[in-house]
4 protein chains.
Amino acid sequence: MSRIPVAILGATGAVGQKFVRLLADHPWFEIAQLSASAERVGKRYGDEVRWRELTPLPDHIADIKMTAMTPVDGVKMAFSGVDAAIAREVEPAFAHAGVLVVTNASAFRMESDVPLLIPEVNANHIQVIEQQRRNRGWTGGIIANPNCCVAAFAMGLAPLDRAFGLQSAIVATLQATSGAGYPGVPSLDILGNIIPYIGGNEEEKIAAETKKILGTLSSEGIRSSTFGVSAMVHRVPVLDGHLLSASIRFLGAPPTPEAANALLGEFTGEESARGLPSSPARPIEVESRIDRPQSRLDIDRGNGMTVTVGRMRPCEVQHLRLVLLGHNLIRGAAGAAVLNGELAVQQGLLER
Amino acid sequence: MSRIPVAILGATGAVGQKFVRLLADHPWFEIAQLSASAERVGKRYGDEVRWRELTPLPDHIADIKMTAMTPVDGVKMAFSGVDAAIAREVEPAFAHAGVLVVTNASAFRMESDVPLLIPEVNANHIQVIEQQRRNRGWTGGIIANPNCCVAAFAMGLAPLDRAFGLQSAIVATLQATSGAGYPGVPSLDILGNIIPYIGGNEEEKIAAETKKILGTLSSEGIRSSTFGVSAMVHRVPVLDGHLLSASIRFLGAPPTPEAANALLGEFTGEESARGLPSSPARPIEVESRIDRPQSRLDIDRGNGMTVTVGRMRPCEVQHLRLVLLGHNLIRGAAGAAVLNGELAVQQGLLER
Amino acid sequence: MSRIPVAILGATGAVGQKFVRLLADHPWFEIAQLSASAERVGKRYGDEVRWRELTPLPDHIADIKMTAMTPVDGVKMAFSGVDAAIAREVEPAFAHAGVLVVTNASAFRMESDVPLLIPEVNANHIQVIEQQRRNRGWTGGIIANPNCCVAAFAMGLAPLDRAFGLQSAIVATLQATSGAGYPGVPSLDILGNIIPYIGGNEEEKIAAETKKILGTLSSEGIRSSTFGVSAMVHRVPVLDGHLLSASIRFLGAPPTPEAANALLGEFTGEESARGLPSSPARPIEVESRIDRPQSRLDIDRGNGMTVTVGRMRPCEVQHLRLVLLGHNLIRGAAGAAVLNGELAVQQGLLER
Amino acid sequence: MSRIPVAILGATGAVGQKFVRLLADHPWFEIAQLSASAERVGKRYGDEVRWRELTPLPDHIADIKMTAMTPVDGVKMAFSGVDAAIAREVEPAFAHAGVLVVTNASAFRMESDVPLLIPEVNANHIQVIEQQRRNRGWTGGIIANPNCCVAAFAMGLAPLDRAFGLQSAIVATLQATSGAGYPGVPSLDILGNIIPYIGGNEEEKIAAETKKILGTLSSEGIRSSTFGVSAMVHRVPVLDGHLLSASIRFLGAPPTPEAANALLGEFTGEESARGLPSSPARPIEVESRIDRPQSRLDIDRGNGMTVTVGRMRPCEVQHLRLVLLGHNLIRGAAGAAVLNGELAVQQGLLER
């Protein structure tokens, strides 16, 4: 079977490089277009990219000549790692031209007709793409993955919400510097330091996106859940991996910590999200060691696609406290988008 | 006026060294005794200590011969930096022999007749020492300062609790490695990593001690406050400074962020705690910059005795979110004890 | 073909755990004995080890009951990760009992009848084991790998020495904290800091071992080379990977940087060291990027068995300057020993 | 006595901020002009600077309106913290207009008629300013301080060179990230990593500037010394402080390590450099502890103006090995320039 030609938008950036690495040997997709900013058009990718992945850049990809951010014949799917401002301009143009844009950008995440997906949690939301196409007159479309913190947070909350109903969640995040891209956070700001702030309305995004993902599909698009979410964000001197400490309250009687752990440990995710090329064996792993998960030791589980949950314990103020950890660049960015792209193929969105 | 001769218990440890530095030139106190474990008795302090403070060890202190952990004639006050297990044995013996032990150890902090003090917040609790002496037949006594996180946390909460009444607080701590003493946290555990756990029942201490400090003096000792406190602790790759992110709920109508900030900025602390040698000009400073306080940049305010509060903002789940920062070894340990000792002198506890 | 049963001495330590990971799925070896200190004998490995490797501990190994440090019937080879002091007692006992001890300990490295091996460089030195057996009346033996810095340093120097003859080398090392084992370097000592000293006569070891490896086999054992080596060591806040900057002088006319690079890039190592299970495709890789090798980015080449050389440039004082990088726990410790064990099997040392 | 009005060129940068802090309460100098790039002219300094010093920015300086980089009436001395490219344009214009420019920029350091000063080492070189004025028709002039590594390196070598005559020095540098300014080194590049390269011809600068400082004043300007210097540079994850490990060879019989230490410990520097406001009590301190100096523990000696030397020991290849440490932003940049400015005043260079 021949592989599906795909584009990468923003191919030289940090997320773009991750896309290149994840797609270089992908069983379903084949990199056919690498697009970048105007001054790089026509140049060899290998000459322009400051490659920072630990595995070498494959020669056949290094040799690709970069294009502008415009659709190319035969490419029906694009993985987008561009900034929100650029996404706002470029992604609709691709969608209008019939390309399915699978984006990591935040630009359209909160539009009610844009699916904001964690496939294991809300694969069914992908159906809103039909409304999106009708609303906007697009033949392609836009599918988004959430913010890097939300990717782990909503995953861990989902089984608990479905089984017991959440009333509120307060979460403190300890976020790695790779979440800010490259060059990103200056070393003088973060060596031996904590910054209790992250730009781009990070705290608001965490609240809004978590509620959208745990929301429901309706005839007017995705309707966000209404439980309360409050985030307190911190940048920490860690390279990769966002660790979250949360206190949650249930609508009714809460589960015991043991019951909550059992529920999370058994979580397999939505049927349609199982067995895709990027699906981890287990979307959630529960840790019983008292000092785990830890950012450096646990982020690579499931090739960076597994969320680790630990330290489930009662909370004196709400009901339960727990720690969640996810790889911010894999489950929280490029890996999430690739899984979304795989879901879209499996759901037949490319067949028109 | 001649200075008061004092002892330091556990003089070679991390907190003990801070005591030496803070007391070396103290206007009221004079180091008369340095006590350590048995194998060091009779040896020169300068030869035994692995001095880690940035200022040089004064020669006249380096020359002191160390004693066992037993009272010495003429020494009526002892600053204790020993571990809880040793404190449990040694401190009562000193107290019984007429020495006022000002301790950083956790051993007796939660005893109802032991004052657990942040002088600016609850200087009046020192009066419980009279009950302690009666209860225990001591002529000296034990006065404790709180856990390093509580030192900043209870300071920041106190003005808000008094003015508006707190119902609950959820706090995530990002704690420096110096809080674990020396050698403490192995570098292999914490370089580029986050550990969401701290031994010694840290989370329980934070809850219990905060409530005791904000409690009231009664004829049966200190009665803890009853609001809810839930802590989620993390060790982070930072040398000094504990940063706390908190979400708080009030019993009644909450203040606006602006009103809360104004209240904290005007806080001068209890009358008796002002103007002591170690009192900072301001117990609390309020930061308006959106990305402050930061662990490395803000811990030395007020010579490490000032707590910095910032990022006051509404909370979707409770009422307000805020960030607090304190120097864990100064305001959170040795400096706190020295201030407690000064308060005890000013309150006449050494005059019998 | 059935696998060779092997023991691991010091199985719970940092190097011991690496042995477990490297041998868990080894094509030639099978872990048959895990030995540890007396208080652990009879206990389950999985219960006693504080597993720190990123890949999970296999169940069938976790279930092994630990033994004392004494030979067990049927085990003819032992990989040793114990400290030098213990090695001095234990390893001869194993060797006397017929076990071939492949050790990472420094205890016997400089004995003239103990082969100190980097197989690609001096595989032929393994023949000295016959002298060792005669000298000591052993039926087993001891084979050592070098110090973690020497593993990279001697590898990089060897092709240059053979082709052009070295007169002297001055080397500054920047060594990761994992080189000190666990708990090893306290975080308070190394966070944001450099320590220009490493205990255990590190500088002397680097000089002596490098010269022994580049020495020659004679009828009186290994005769060290006589060129000058001067090391200046530093501990740096890096987890894994020792980076070395060297200035070297040749006996005669020096090669150009280009010629030196070409020589290193073509180096394939001794015939007998090629194609062993742990042999990397290339023992040395030459980097042309001006800011490489870097500790974090380049240590995993060849599964941690490849030494990366870069920044070859003229030296105003000697002849050439260059940078070398090796993985201190793989090529510099456990991986080196496993490769030595493989060489020993291939050379028929177990067949008696 | 009224203070001398001075300008700071590049006042918002990292070195510029250090100038502001060091000059804010200077006994001889008064900040009269803060100049910055065009878009900031006329704006309040306090509004434009992203103040990163730990001490607060004084209000009276925050209120200064910034000027363009052009001389202002009455300002006869300017401290320059601009980049080399800007320095090349701006500094001659000031010098031509009668301003004495005391610069940290590298632009003119190697001109034979520009004094490159470490006052304790070569204060007499300041006399070349007369040649400079004649050569260039300037009424002001340019005085430079060396590269941040050279500031410590040449200081430590100078007494040894004068007493025994140096033949060669090989030095490995471990340089803090603050040496690259702000934002400077991205955290993703340096967290847990070593980069064996620093841009801007750092290695060449170290060689050339060290030789110029240890050179001699002649009628044709400064004549550099001719001994060999070879540098191998590394960026390390440390905030402040450049640590250097050197191996040195003497022209004749070398001193013992003890004699070398004694010489360095007694070094008081040139007569004219003593007792200036920024002169440290001792330009060099010798450490006897085997693991010192360390970057974090020893950089603040003498308010950052003292160079610490330790680990003096024989070298198998050359004669002696030693470690040197200096504060890269104080002794290596702003503090060095302020001391140069003080020397210029004391030498009467402002009186015309």
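Just above, that's the structure.
The model shown is predicted, which means the values in this text are computed figures rather than measured ones. Per chain, residue numbering runs from 1 following the sequence as it is written. Chains carry letters from A onward and ligands carry numbers from 1 onward, assigned in written order. Under the rules for a predicted model, residues below a pLDDT of 70 receive no local features and side-chain atom pairs below 80 are neither given nor counted, while totals for whole chains, interfaces and linings still include all residues. To get the side-chain values, all heavy atoms of the structure are used, and hydrogens and water are removed first.

Take the relation of the copies chain B and chain A next. You can overlay chain B on chain A at an RMSD of 0.0 Å; the transform is a turn of 180° with a shift of 0.0 Å along its axis. On this basis, the relationship between the two copies can be described by a two-fold rotation axis. Any two residues whose heavy atoms approach within 4.5 Å at even a single point are treated as in contact. Taken as a fraction of all interface residues of chain B, those also at the interface in chain A reach 100%, which identifies the copy contact as same-surface. To line up the copies, we fit them by least squares on C-alpha atoms, keeping just the residues with pLDDT of at least 70 in both.

Residue and element names in this part refer to chain A. Put simply, DSSP H or I for four residues or longer makes a helix, DSSP E for two residues or longer makes a strand, and each gets a number counted from the N terminus. Within the fold, Lys 212 resides in helix α9 (residues 202-213). Asp 113 is the oppositely charged side chain nearest to the buried, salt-bridge-free Lys 212, at an N-O distance of 6.9 Å. From its side chain, Lys 212 meets the backbone oxygen of Arg 109 in a polar contact 2.6 Å long. Not counting chain neighbours up to four residues away, the residues in contact with Lys 212 comprise Arg 109, Met 110, Glu 111, Ser 112, Val 114, Leu 116, His 125, Ile 222 and Ser 224. Three exposure classes are used, based on accessible area relative to the maximum for each residue type with a 1.4 Å probe and protein chains only: buried under 20%, partly exposed in between, and exposed over 50%. Residues scored as positive are Lys and Arg, those scored as negative are Asp and Glu, and His as well as the terminal groups of each chain are ignored. In the sections that follow, a salt bridge refers to a side-chain nitrogen of Lys or Arg positioned within 4 Å of a carboxyl oxygen of Asp or Glu. Polar contacts, as counted here, are pairs of nitrogen or oxygen atoms within 3.5 Å of one another; within protein the pair requires one atom able to donate a hydrogen and one able to accept it, and residues that are adjacent in sequence qualify only if both atoms are side-chain atoms.

This paragraph deals with unusual backbone geometry. Residue Pro 183 of chain B is bonded to the preceding Tyr 182 of chain B through a cis peptide linkage, with omega at 5°. Locating Pro 183 of chain B in the fold gives a position in the loop between β6 (166-175) and α8 (187-190). For the bond from Arg 292 of chain D to Pro 293 of chain D, the omega torsion is 5°, close enough to zero to count as cis. Tracing the backbone shows Pro 293 of chain D in the loop between β11 (284-286) and α11 (295-298). In this model, Asn 201 of chain B sits at a positive phi of 55°, which is unusual for a non-glycine residue. Summarising the element assignment, Asn 201 of chain B is placed in the loop between α8 and α9 (202-213). The exposure class of Asn 201 of chain B is exposed, given its relative accessible area of 52%. Phi angles above zero are rare outside glycine, and Arg 311 of chain B is one such case at about 55°.

Along an α-helix, a turn takes 3.6 residues, which lines up residues three or four apart on a common side. Residue and element names in this part refer to chain B. An ideal rise of 1.5 Å per residue puts 18 Å on 13 residues; helix α12 (residues 334-346) measures up with 18 Å between its terminal C-alpha atoms. Of all 13 residues that make up α12, 12 are buried, and the element is covered over most of its length. Where α12 ends, the next residue or the one after it, Gly 348, has phi of about 80°, a positive value. The span one expects for a helix is its residue count, reduced by one, times 1.5 Å.

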